[in-house]
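# Chains, contacts and geometry: an overview
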Amino acid sequence: MLVAVVGALRVASGSLSLGDVQAFIQYSRQFTQPLTQVASMSNLLQSGAASAERVFALLDADEQAPDPAEPARLDREVHGRVEFENVHSGISRTLR
């Protein structure tokens, strides 16, 4: 911002051309772009490390004991049939 303001004052006084100011702004952006990218990558790496730490903490956590209120599982296979009688879908009624 400071470069643009000083450049505008110099252009207004006639000591610098508008193209020179524009070129200087472009060069300064090209100079700071790699620094911005490195800072962005550093932020992504820190975020990834924090996420990995949470995932590993979850994986290392002790397994919870089963809830005593749940019914016990059967030791044998259960076979049976499920029938739907007089069941209608709301979609099928609207399509008729």
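About the criteria used
Residues numbered from 1 in each chain as written. Predicted model: local features only at pLDDT ≥ 70, side-chain atom pairs only at ≥ 80, totals over all residues. Heavy atoms only, no water. Helix = DSSP H or I, 4+ residues; strand = E, 2+ residues; numbered from the N terminus. Expected span 1.5 Å × (residues − 1). Bend = angle between axes of the 7 residues up to and from the residue. pLDDT = per-residue confidence, 0-100. Salt bridge = Lys/Arg side-chain N within 4 Å of Asp/Glu carboxyl O. Buried < 20%, exposed > 50% of the residue type's maximum accessible area, 1.4 Å probe, protein only. Patch = residues over 30% accessible without salt bridge, like charges linked within 9 Å, V, L, I, M, F, W, Y side chains within 5 Å. Areas by Shrake-Rupley, 256 points an atom, 1.4 Å probe, with all protein chains shown as cover.

### Regarding helix α2 (residues 18-60)
- For α2, spanning 43 residues, the distance from its first C-alpha to its last is 62 Å, which sits close to the expected 63 Å at 1.5 Å a residue.
- Approximately 30° is the largest bend angle found in α2, and it occurs at threonine 32, with the proline proline 34 only one to four residues beyond.

### Description of the confidence of the model for the protein chain
- Across the protein chain, the average pLDDT comes to 84, with 90% of residues at or above 70.
- The least confident element of the protein chain is helix α3 (residues 90-95), whose mean pLDDT is 59; the most confident is α2, at 92.

### Focus on unusual backbone geometry
- The phi angle at asparagine 86 is positive, at roughly 55°, despite the residue not being glycine.
- Its location among the elements puts asparagine 86 in the loop between α2 and α3.

### A short note on the pattern of salt bridges
- Per the counting criterion, the structure on display carries one salt bridge.
- Across the pair arginine 81 and glutamate 83 runs a salt bridge, and its minimum N-O distance is 2.3 Å.
- Exposure remark for glutamate 83: the relative accessible area of 47% places this residue in the partly exposed category.

### As for a nonpolar patch on the surface
- Together, Met1, Val5 and Leu9 make up a nonpolar patch on the protein surface, roughly 380 Å² of accessible area in all.
- Checked against the element boundaries, leucine 9 lands in helix α1 (residues 2-13).

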